[in-house]
Amino acid sequence: MTVAARKQPPTVRLRRLAAELRVLRHRAGLTREDVAERTHMNPATLWRLETARARPQRRTLLGLLDVYGVTDLERRLELVDLAKDAGQLGWLQAYEDQLPDEYSTYISFESEAQTVRNYESLFVPGLLQTEAYARAVTSGLLPDGTEEEVERRVEARLKRQDSITGDEPLKVWAILDESVLHRRVGGAEVMRDQLQHLAKLTKLPNVTVQVLPFEVGAHPGMYGAFAIMGFPDPADSDLVYIENRVNALFLERDTDIASYTDLFEHLRAAALNPAASVRLITRTAEQD
């Protein structure tokens, strides 16, 4: 048995399929080694399928369903359709070869999300950035990047922003440390435009911004930025995303999701309310 050879970012549907395959194997009382022996599949390949790192071909999937005793035709067709849909990347298809794997994966999940709760301590969230600010941030983060690399990332970031103005817009709740407002990314003019843009976006019913003021002092968000993505289908659990310079992590254990959800609620309670936050953002922009 083989899997689709083409590497691609995982989608929410691929993640759901991987979870379904794990559940079916466990219900059948089989280890990965048992399945490998019955199907002649490498255990490492099965691990990749069960962790959404690869998408099974139709023949592979049907073979696994045979081993797991899934005989109901409707159920089999449902999983086959899920596997087929799991390969659809939409607009990301044009950028995936030029973006880091972790970033492509995040964009893929974000494009299917219904809500994003985001805490940032250093810069404005990508969904809320102006083009000039995005270019300045990207250039700063990639000092050795070529002009083409920077531009492609900026293009992808701006394309992401379509999700907050579409027919079924993404709901964004962003909490920013006050330091974000004062770091002059791109210079005074770029920063002033960015803050004005941020204040304008808060007029959208699906965008909420809060600022965590300096007066709060030390707080648990000082561990670093994170995003919690929620999805429209109850079958798809929330996903937490955290990153640093060398890698990124996607957390999906219930305990991790609960921990970061509690953290977000703590920061939300400590931050200025949305109206006061907009006033602070506007006042800071005027000072620049």
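The following paragraphs examine the structure supplied in this document. (Residues numbered from 1 in each chain as written. Predicted model: local features only at pLDDT ≥ 70, side-chain atom pairs only at ≥ 80, totals over all residues. Heavy atoms only, no water.)

What follows covers unusual backbone geometry. Despite not being glycine, His40 has its phi angle at roughly 65°, a positive value. Positionally, His40 belongs in the loop between α2 (32-39) and α3 (43-50). Look at His40 and you get exposed, because its relative accessible area is 71%. (Helix = DSSP H or I, 4+ residues; strand = E, 2+ residues; numbered from the N terminus. Buried < 20%, exposed > 50% of the residue type's maximum accessible area, 1.4 Å probe, protein only.)

Quick look at the pattern of salt bridges now. Tallied over the entire structure, the rule returns 12 salt bridges. Among the salt bridges present, the one from Arg75 reaches Glu78, with a minimum N-O distance of 3.3 Å. Of this pair, Arg75 and Glu78 are both found in helix α5 (residues 73-85), 3 residues apart, which corresponds to roughly one turn of the helix. Two residues, Arg135 and Glu151, come together in a salt bridge whose shortest N-O distance is 2.7 Å. One end of the pair, Arg135, is in helix α7 (residues 131-141); the other, Glu151, is in helix α8 (residues 147-160), with 16 residues separating them in the sequence. With relative accessibility at 26%, the residue Arg135 sits in the partly exposed group. A relative accessible area of 26% places Glu151 in the partly exposed class. The structure contains a network of salt bridges with shared partners spanning Arg25, Arg32 and Glu50. (Salt bridge = Lys/Arg side-chain N within 4 Å of Asp/Glu carboxyl O.)

On to helix α11 (residues 254-270). Within an α-helix, residues lying three or four positions from one another point in the same direction, as the helix has 3.6 residues per turn. Relative to the 24 Å expected for 17 residues at 1.5 Å per residue, α11 spans 24 Å between its end C-alpha atoms, a close match to the ideal helical length. Residues of α11 that are buried: Asp256, Ile257, Thr261, Leu263, Phe264 and Leu267. The buried residues of α11 occupy one face: seen down the axis, they fall within an arc of 160°. Turned more than 90 degrees away from the buried face of α11 sit Asp254, Thr255, Asp262 and Ala269, all of them exposed. The elements touched by buried residues of α11 are β1 (115-120), β2 (171-177), β3 (207-212), β4 (226-230), β5 (239-243) and β6 (248-251). (Expected span 1.5 Å × (residues − 1). Arc of directions from axis to C-beta. Contact = heavy atoms within 4.5 Å.)

So, on to the pairing of β5. Regular strands place their side chains on alternate faces of the sheet. β5 sits mainly inside the fold: 4 of its 5 residues count as buried. For β4 and β5, the ladder comprises 3 bridges, and the chain directions are antiparallel. Paired with Met229 across the bridge in β5 is Leu239. Examined bridge by bridge, β5 and β6 share 4 bridges and lie antiparallel to one another. Following the sheet pairing, Ile242 is matched in β6 by Leu249. (Pairing = 2+ DSSP bridges.)

On to the packing of α7 against α8. Angle between the axes and distance between the axes: these two values describe a pair of packed helices. The N-to-C vectors of α7 and α8 enclose an angle of 135°; their axes lie 9 Å apart at closest approach. The pairing of α7 with α8 is recorded here as oblique in orientation. α7 and α8 meet at a crossing whose hand is right-handed. Along its contact with α7, which presents Glu131, Ala134, Arg135, Val137, Thr138 and Ser139, the element α8 presents Val150, Glu151, Arg153, Val154, Arg157 and Leu158. Residues that form the contact of α7 with α8 fall into these classes: 5 nonpolar, 2 polar and 5 charged. (Axes fitted to C-alpha atoms, helices over the stretch in contact; angles between N-to-C directions. Parallel < 35°, antiparallel > 145°, perpendicular 65-115°, else oblique. Left-handed = near helix turned anticlockwise from the far one by under 90°. Nonpolar A, V, L, I, M, F, W, Y, C, P; charged D, E, K, R; others polar.)

A few words on the packing of aromatic side chains. Summed over the entire model, instances satisfying the criterion amount to 6 aromatic pairs. Ring centres of Tyr119 and Phe226 lie 6.0 Å apart, and the angle between their planes is 40°; this geometry places the pair in the tilted category. One end of the pair, Tyr119, is in strand β1; the other, Phe226, is in strand β4, with 107 residues separating them in the sequence. There is no split in this pair, since Tyr119 and Phe226 are both buried. Residues Phe226 and Phe264 carry aromatic rings whose centres are separated by 6.5 Å and whose planes lie at 80° to one another, so their mutual orientation is edge-to-face. (Phe/Tyr/Trp six-rings, centres within 6.5 Å; stacked < 30°, edge-to-face > 60°.)

Below, the discussion takes up the sheet that holds β6. Picture the strands of a sheet paired through backbone hydrogen bonds; they go either parallel or antiparallel. Spatial strand order, β3-β2-β1-β4-β5-β6: 6 strands in an open sheet with mixed pairing. With one partner strand each, in any of the chains shown, β3 and β6 form the two edges of the open sheet. Between one strand axis and the next, the sheet turns through 15° on average, direction left out of account. Pairing between β1 and β2: 6 bridges, direction parallel. Bridge assignment links Val116 to a residue of β2, and that residue is Val172. Running at roughly 110° to β4, α11 makes contact with β1, β2, β3, β4, β5 and β6 of the sheet.

Its location among the elements puts Pro232 in the loop between β4 and β5. For the pair Pro232 and Ala113, spaced 119 residues apart in the sequence, the C-alpha separation amounts to 6.8 Å.

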